[in-house]
Amino acid sequence: MELSSLRIFKTVAEEGGVTQAAARLNRVQSNVSARLTQLEESLGVSLFHRSGRRMLITEEGARLLAYTERLLQLADEAQEAMRGDRQPSGQLRIGSMETTAAARLPLVLGQFHRQYPQVDLVLDTGPTDYLIQAVLNHRLDLALVAAPVERPELMQLPVFDEELVLLTDSLHGPVKSPADVARRTLLGFRSGCSYRRRLERWFAEGEVSPARIAEFGTFEAIIGCVAAGMGVAMMPKEVLKQRELAKSVRVHTLPADVARVQTVLVWRRDIAQHAARDAFAATFGTLKGD
């Protein structure tokens, strides 16, 4: 099996189709289809169920995918080891919570890019649970997530301390406890978001049930709907400060055990050498020293 064929297989599995995979790999669709067919024929198994343009991975394909991720990671590690002390280069896949990407990452990414312009940065945003799984499955090289992270397979570097605040519409009265927002709709990111879990736990500890939970894809949409009176939300104070959004909503402080949260940078413990990853992690220490 050629590594190039395995990369194509992995991309098709991640994208769910040949068209999307070809676009991501910058290849023509016929080439991707042919290489995938050759791989299936060489293995004597079907790696995907074809359903129109959708490609649904088979049990055999899922088994191969696990090995593929390990093989490709080893190949990347070997390349890193051979580079020695050369400047970091190649692709660096970074994951981040959306609010962190908006409020904290621009300065970090800007400085890193100026210092290592030969590194191709790829950013993926999502909730903490999704990002952790993506790092564990080798889909991301590292990610910024909310602590605590109880995964011994991951290294952790504390990088930011955040204060979470409760948001209501501007006409809402003071909020001292969950009872003050009883039966309101909780507005948040999709399941797996650590901030959302904190808000749900705060409600549960106050023995209050929200009317419902509404999921959104962006923090701008959440804040906009809070301002319109649709419900309440929890958000890092830094996001409101940097985007000057606090005027559109009312901001309420929360108890320290709910409000205080640390953002950590995580990566796989078993990947010892990765020049671009290590340089990116070091960037946070440089910023703290400024």
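All of the points below concern the structure found in this document. In this text the structure is predicted, and so the values were computed from the model without any measurement.

The tally for this structure, following the rule as stated, stands at two cavities of 30 Å³ or more. Of the voids in this model, the largest cavity is the one considered here, and its volume is about 100 Å³. Listed by contribution, the elements that provide at least two residues to the lining of the largest cavity are strand 7 (186-188), helix 8 (194-205) and strand 9 (233-236). When its residues are assigned to classes, the lining of the largest cavity shows eleven nonpolar, one polar and one charged. Reported here for the second largest cavity is a volume of approximately 30 Å³. Class assignment for the residues of the lining of the second largest cavity results in three nonpolar, two polar and two charged.

In this model, the largest pocket occupies a volume close to 820 Å³. Elements represented by at least two residues in the lining of the largest pocket include exactly helix 1 (3-15), helix 2 (18-25), helix 4 (59-83), strand 3 (90-96), strand 4 (119-125) and helix 7 (128-136). Top contributing element to the lining of the largest pocket by residue count: helix 4, with seven residues. Here the residues of the lining of the largest pocket are counted per class, giving seven nonpolar, eight polar and 13 charged. Taken together, 14 residues line the second largest pocket, and the ones lying closest to its centre are Thr-128, Asp-129, Pro-148, Ser-194 and Arg-197. Mapped onto the lining of the second largest pocket, the elements with two or more residues apiece are helix 7 and helix 8. Class assignment for the residues of the lining of the second largest pocket results in five nonpolar, three polar and six charged.

The next thing to look at is helix 3 (residues 29-43). Over its 15 residues, helix 3 runs 21 Å from end to end, which matches the ideal 21 Å to within 8%, given 1.5 Å per residue. Positive phi appears at Gly-44, one or two residues downstream of helix 3, with a value of about 75°.

As a packed pair, helix 2 and helix 3 sit with axes 9 Å apart at the nearest point and diverge in direction by 110°. If you check the angle between helix 2 and helix 3, you find them roughly perpendicular. Along this stretch, helix 2 crosses helix 3, giving a crossing that reads as right-handed. On helix 3, the residues touching Val-18, Thr-19 and Ala-22 of helix 2 are Gln-29, Val-32 and Ser-33.

Another aspect to go through is the pairing of strand 1 (residues 48-51). Where strand 1 lies against strand 2 (residues 54-57), four bridges are found, and the strand directions are antiparallel. Of the residues in strand 2, the one forming a bridge with His-49 is Leu-56. The turn joining strand 1 and strand 2, which pair antiparallel and follow one another in sequence, is formed by two residues; a positive phi near 65° is taken by Gly-52.

Rules of the game
Residues numbered from 1 in each chain as written. Predicted model: local features only at pLDDT ≥ 70, side-chain atom pairs only at ≥ 80, totals over all residues. Heavy atoms only, no water. 1 Å grid on protein atoms, 1.4 Å probe; cavity = no way out; pocket = protein on both sides within 12 Å on 5 of 7 lines; lining within 4 Å. Points joined across faces, edges and corners; volume = space filled by probe spheres on them. Helix = DSSP H or I, 4+ residues; strand = E, 2+ residues; numbered from the N terminus. Nonpolar A, V, L, I, M, F, W, Y, C, P; charged D, E, K, R; others polar. Expected span 1.5 Å × (residues − 1). Axes fitted to C-alpha atoms, helices over the stretch in contact; angles between N-to-C directions. Parallel < 35°, antiparallel > 145°, perpendicular 65-115°, else oblique. Left-handed = near helix turned anticlockwise from the far one by under 90°. Contact = heavy atoms within 4.5 Å. Pairing = 2+ DSSP bridges.

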